[in-house]
Amino acid sequence: MTRWTLSPEKIPSAWFNVAPHLPRPLDPPLHPGTREPVGPADLAPLFPTALIEQEVSTEPWIDVPGEVLDILRLWRPTPLVRAVRLERALGTPARIYFKDESVSPAGSHKPNTAVAQAYYNAKAGVKRLATETGAGQWGSSLAYAGGLFGLEVTVYMVKISYQQKPYRRSMMQTWGAEVLASPTNRTNAGRAILEKDPDSRGSLGIAISEAVEDAASREDTKYALGSVLNHVCTHQTVIGLEAIEQMKLAGEYPDVVIGAHGGGSNFAGIAFPFLRDKINGKEVRLLAAEPASCPTLTKGVYAFDYGDTAGLTPIVKMHTLGHDFMPPGIHAGGLRYHGASPLVSKLVHEGLVEAVAYAQRPCFEAAITFARTEGIIPAPESSHAIKAAVEEAKKADAEGKSRVILFNLSGHGHFDLAAYDAYLAGDLEDYEYPREAVEQSMAKLPKVEL
Ligand SMILES: Cc1ncc(COP(=O)(O)O)c(C=O)c1O
């Protein structure tokens, strides 16, 4: 047997909250103006109360509402697959499993939280959501989920992706969303960037500034973020909770659990539920894989920084490359955010989570081996997890050990074929983000006294 599915009633009915399991609590997020810890009232213009409560919750479990379960059940539980053909191609005795999040309507793990966020907003009487998107996976997920709950959705899409990924835009519009190429003229943050650089390609940090400003300036609108925040990571834990049950069915327990890392949510989703066992003494490694061109966890500094470019969001303690980070134009693999989830950052800082960075060409090479053996064409983001799984298998071979590897296939790459074209044509270059650039940005971190 190489594929383990769970019946629809086995979908987890509560999300796993990692907060009470942390060795030390998170540092409080700070108000960007006063630099004092933010309270619920500060977040109320952006998020509905239920999500603010989840953001600060220390309850170990949070119930998944029935209406959310009804929608998640359209594609969940997702399959767990043993990648036997990949193992054979690698000639490895390691056993490689992947959780297939590519089967959702939008093609990634992102709808797991989009549906929950849309639900809580609709319940709170919100009419419209503003958000940002890079490659378009998150924007399309929120467009889909918002539509199900009768919400209008406006997506600020990073301009370079808007131009390079027209079909993600079509997808969002098909689901009823308004999509704008960011920076726009609609917000102060966008206008300020365009004034300085009319040809700006945009960045996630800029698009976040625009979406936050949009939400904060309208009564009927709230903001939704597809990664980074505690409640987003929590919503994604359905992935790991299902995987634990499916690994039991397969008669295995992973030596290493791997996720690609952008803002941290799919990694958190697969890895956090395993952290309980790790803290209780089980030998399991948790490994986040990120791009060498945006090496937030491996080269970023663990410090207080803004979540966006304009400095409108709370200041949070996280691994950061600096809020003025601009991703290199040649980078095709997504995962371009300057910061990281405070939860994942804390766990890296505490030594409970490991991180590794890979250049893009070896990631595409691994993605193509995966596509040719397992059939699914992975999202370029997910290829970082595949590359890490391949490297773990090789390391085990070199040590003469068998190893059970579990990784999260966070999405498919059907809308990313231009990046595959570029790789196949030999047009992609590897680029390592320089340490000096990180050091320069550190001078611009907000000054914080705690
Ligand atoms: C397919 C896929 N995987 C991974 C990511 C990275 O985000 P996160 O770290 O929040 O999972 C993204 C982000 O857009 C994505 O679309």
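All values derive from a computational prediction rather than experimental measurement.

A. Examining the confidence of the model for the protein more closely. Looking at the protein as a whole, the pLDDT averages 95, with 99% of positions reaching at least 70. For the protein, the element scoring lowest by mean pLDDT is helix H19 (residues 435-442), at 89; strand S15 (residues 404-409) scores highest, at 99.

B. Representation of helix H10 (residues 204-216) within the structure. Between its terminal C-alpha atoms H10 stretches 18 Å, which fits the 18 Å expected from 13 residues at 1.5 Å a residue. Residues of H10 that are buried include every one of Gly205, Ile206, Ala207, Ile208, Ser209, Glu210, Ala211, Val212, Glu213, Asp214 and Ala215, and no others. Contacts made by the buried residues of H10 are with strand S6 (128-133), strand S7 (152-158), strand S8 (178-182), helix H9 (188-196) and strand S9 (221-223).

C. Summary view of the sheet that holds strand S1 (residues 3-4). The seven strands lie next to each other as S1-S4-S5-S15-S10-S11-S14, forming an open sheet whose pairing is mixed. Strands with a single pairing partner mark the edges of an open sheet, and in this sheet they are S1 and strand S14 (354-358). Sheet topology note: the strand S10 (residues 256-260)/S15 ladder contains three bridges and is parallel. Its bridge partner being in S15, Val256 is matched across the sheet by Ile405.

D. Structural view of the pattern of salt bridges. A full pass over the atoms with the stated rule returns 24 salt bridges. Between Glu350 and Arg24 there is a salt bridge, with the nearest N and O atoms lying 2.6 Å from each other. Of this pair, Glu350 sits in the loop between helix H15 (342-349) and S14 while Arg24 sits in the loop between strand S2 (14-16) and helix H1 (40-43); the two residues are 326 residues apart in sequence, bridging distant segments of the chain. Among the ionic pairs, Glu399 bridges to Lys401, the shortest N-O distance being 3.4 Å. On the basis of relative accessibility, which here comes to 42%, the residue Glu399 falls in the partly exposed class. Overlapping salt bridges, with partners in common, bring together Arg285, Glu354, Glu392, Lys395, Glu399, Lys401 and Arg403 in one network.

E. Focus on the nonpolar core. Counting 67 residues, the largest nonpolar core has Val115, Phe272, Leu286 and Leu406 as its most contacted members. In terms of residues, this core owes the most to one element, helix H13 (residues 265-279), which gives seven residues. Non-local contacts of Leu406, meaning those with residues more than four positions away in its chain, are made with Leu80, Tyr97, Phe98, Lys99, Ala243, Met247, Pro254, Val256, Val257, Ile258, Ile270 and Phe274. One finds Ala260, Cys363, Phe370 and Phe407 within the second-largest nonpolar core, a separate group that totals 26 residues.

F. Just the environment of Leu129, in detail. Positionally, Leu129 belongs in strand S6. Along the primary structure Leu129 and Ala224 are separated by 95 residues, whereas in three dimensions their C-alpha atoms are 6.6 Å apart. Excluding residues that lie within four positions of it along the chain, Leu129 makes contacts with Ala118, Asn121, Leu142, Leu151, Glu152, Val153, Thr154, Thr221 and Lys222.

G. Fine view of the site of the ligand. For the ligand, the set of nearby residues contains 15 residues, the closest of which are Ser227, Gly264, Ser265, Asn266 and Ser410. One of the side-chain N or O atoms of Ser227 is found 2.4 Å from an oxygen atom in the ligand. Note that an oxygen atom of the ligand is positioned 3.0 Å from one of the backbone N or O atoms of Gly263. Bound to the protein, the ligand loses 93% of the 390 Å² it would expose on its own. Classifying every residue of the shell around the ligand gives two nonpolar, 11 polar and two charged.

H. How the structure looks around helix H16 (residues 360-374). For H16, which comprises 15 residues, the first-to-last C-alpha distance of 20 Å matches the rise-based estimate of 21 Å (1.5 Å per residue) to within 8%. Buried residues of H16: Gln360, Cys363, Phe364, Ala366, Ala367, Ile368, Phe370, Ala371, Thr373 and Glu374, and no others.

I. Inspection of the packing of aromatic side chains at higher detail. Tallying each qualifying case throughout the model produces 14 aromatic pairs. Centre to centre, the rings of Phe98 and Phe407 are 5.7 Å apart; their planes meet at 25°, and the pair counts as stacked. With Phe98 in strand S5 (residues 95-100) and Phe407 in strand S15, this pair connects stretches of sequence that are 309 residues apart. Comparing Phe98 with Phe407, the two get one shared label, buried. With a centroid separation of 5.9 Å and 75° between ring planes, the pair formed by Tyr253 and Phe274 is classed as edge-to-face. Highlighted residues: Tyr253 in the loop between helix H12 (238-249) and S10 and Phe274 in helix H13, separated in sequence by 21 residues. On the basis of relative accessible area, Tyr253 is assigned to the partly exposed category, the value being 25%. Feature note: the residues Trp75, Tyr144 and Trp175 constitute an aromatic cluster, connected by ring pairs. Its end group placed over the ring of Tyr162, Arg169 keeps NZ or CZ at 5.3 Å from the ring centre. Here the basic side chain of Lys387 rests over the ring of Tyr358, its NZ or CZ set 5.8 Å away from the ring centre.

J. Broad picture of the pairing of S6. For S6, the tally of buried residues reaches six of six residues, placing the bulk of the element in the interior. The pairing of S6 with S7 spans six bridges and is classified as parallel. Across the sheet, residue Ala130 finds its bridge partner in S7, namely Thr154. Regarding the hand of the β-α-β motif, the stretch spanning S6, helix H6 (residues 137-148) and S7 is right-handed. Strand direction decides the pairing type here: S6 and S9, joined by three bridges, are parallel. Looking at the pairing, Ala130 lines up with Tyr223 of S9.

K. Quick peek at the packing of H12 against H13. Two elements in contact, H12 and H13, have axes separated by 6 Å at closest approach and are oriented at 60°. The angle between the axes of H12 and H13 places the two elements in the oblique class. Considering how the two elements wind past one another, H12 and H13 form a crossing that is right-handed. Residues Ile239, Gly240, Leu241 and Ile244 of H12 form the contact with H13, whose participating residues are Gly269, Ile270, Pro273, Phe274 and Arg276. Looking at the contact of H12 with H13 residue by residue, the class counts come to six nonpolar, two polar and one charged.

About the cut-offs
Residues numbered from 1 in each chain as written. Predicted model: local features only at pLDDT ≥ 70, side-chain atom pairs only at ≥ 80, totals over all residues. Heavy atoms only, no water. pLDDT = per-residue confidence, 0-100. Helix = DSSP H or I, 4+ residues; strand = E, 2+ residues; numbered from the N terminus. Expected span 1.5 Å × (residues − 1). Buried < 20%, exposed > 50% of the residue type's maximum accessible area, 1.4 Å probe, protein only. Contact = heavy atoms within 4.5 Å. Pairing = 2+ DSSP bridges. Salt bridge = Lys/Arg side-chain N within 4 Å of Asp/Glu carboxyl O. Core = buried A, V, L, I, M, F, W, Y, C linked by side-chain atoms within 4.5 Å. Near = heavy atom within 4 Å. Polar contact = N/O pair within 3.5 Å; in protein donor to acceptor, adjacent residues only side chain to side chain. Areas by Shrake-Rupley, 256 points an atom, 1.4 Å probe, with all protein chains shown as cover. Nonpolar A, V, L, I, M, F, W, Y, C, P; charged D, E, K, R; others polar. Phe/Tyr/Trp six-rings, centres within 6.5 Å; stacked < 30°, edge-to-face > 60°. Lys NZ or Arg CZ within 6 Å of the ring centre and 35° of its normal. Right-handed = clockwise from strand over helix to strand, strands pointing away. Axes fitted to C-alpha atoms, helices over the stretch in contact; angles between N-to-C directions. Parallel < 35°, antiparallel > 145°, perpendicular 65-115°, else oblique. Left-handed = near helix turned anticlockwise from the far one by under 90°.

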